[in-house]
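Take a look at the letters that make up each chain.
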Amino acid sequence: MSEAKENVVEVLASLMEDYAWAIDRDELEQWPNFFEEQCLYKITTADNEEQGYPFGVLYADSRGMLADRVKSLREANIYEGQRYRHVVGRPKVFSSDGAVVSAETSFLVVRTMRTGEMLLFATGVYRDVVSFRGPKALFVERVVVCDSSRIDTLLALPL
């Protein structure tokens, strides 16, 4: 692997770690800051993606929509207390023009409820388009493709 590509992978890996860390530590107000102002964030299933369905379980097309999602989680939504713990793989870069990178990263999320019950909540892949144009790498698109076609109704926190 070339040194330039290795550096891109390291920046992506750091972005993935910081992203997961913010969610896992319940620092949800930081979550929208990982995205460009105009962005796409979608959670879908592998089956839906194979069928070509454009929308998923969750869909947002701007940082403002992501911030609204966090605000509603904090102020309006009622859901059982829970924590996530992400385990994220090493990003695989598929294309790069120096300013924008397309990559995929495997993930799994364990959900722990207030009762202490733990469940393997989600597995899948992040399909990302990441901008390297500014002072830090930001998601232009993050499509979360879950392996299972069953999405728990307690999907409150971002994946």
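Residues numbered from 1 in each chain as written. Predicted model: local features only at pLDDT ≥ 70, side-chain atom pairs only at ≥ 80, totals over all residues. Heavy atoms only, no water.

Trainee: When you look at the environment of Met65 in this model, what are you seeing that I'm missing?
Mentor: Relative to the helices and strands, Met65 resides in helix H3 (residues 63-75). Spatially, the C-alpha atom of Met65 lies 9.7 Å from that of Cys39, the residues being 26 residues apart in sequence. Once residues lying within four places of it in the same chain are set aside, the contact partners of Met65 are Tyr59 and Ala60. (Helix = DSSP H or I, 4+ residues; strand = E, 2+ residues; numbered from the N terminus. Contact = heavy atoms within 4.5 Å.)

Trainee: Is there a simple way to think about the packing of aromatic side chains in this case?
Mentor: One pair of aromatic rings is described through two measures. These are the centre distance and the angle between the planes. Applying the stated criterion across every chain yields a total of 10 aromatic pairs. Their ring planes at 65° and their centres at 6.4 Å tell us that Tyr19 and Phe35 sit as a pair that is edge-to-face. Taken together, the residues span a long stretch of sequence, with Tyr19 in helix H1 (residues 3-24) and Phe35 in strand S1 (residues 35-45) at a distance of 16 residues. We classify Tyr19 as buried; its relative accessible area is 1%. Taken together, Tyr19, Trp31, Phe34, Phe35, Tyr41, Phe107, Tyr126 and Phe139 form an aromatic cluster joined through their ring pairs. (Phe/Tyr/Trp six-rings, centres within 6.5 Å; stacked < 30°, edge-to-face > 60°. Buried < 20%, exposed > 50% of the residue type's maximum accessible area, 1.4 Å probe, protein only.)

Trainee: Sorry if this is basic, but what is going on with the pattern of salt bridges here?
Mentor: The full count for this structure, using the stated rule, is 7 salt bridges. Asp24 is the salt-bridge partner of Arg85, the closest N and O atoms lying 3.7 Å from each other. Of this pair, Arg85 sits in strand S3 (residues 82-88) while Asp24 sits in helix H1; the two residues are 61 residues apart in sequence, bridging distant segments of the chain. Given the relative accessible area of 6%, Asp24 is considered buried. Within the structure, one salt-bridge network assembled from shared partners comprises Glu49, Glu104 and Arg127. (Salt bridge = Lys/Arg side-chain N within 4 Å of Asp/Glu carboxyl O.)

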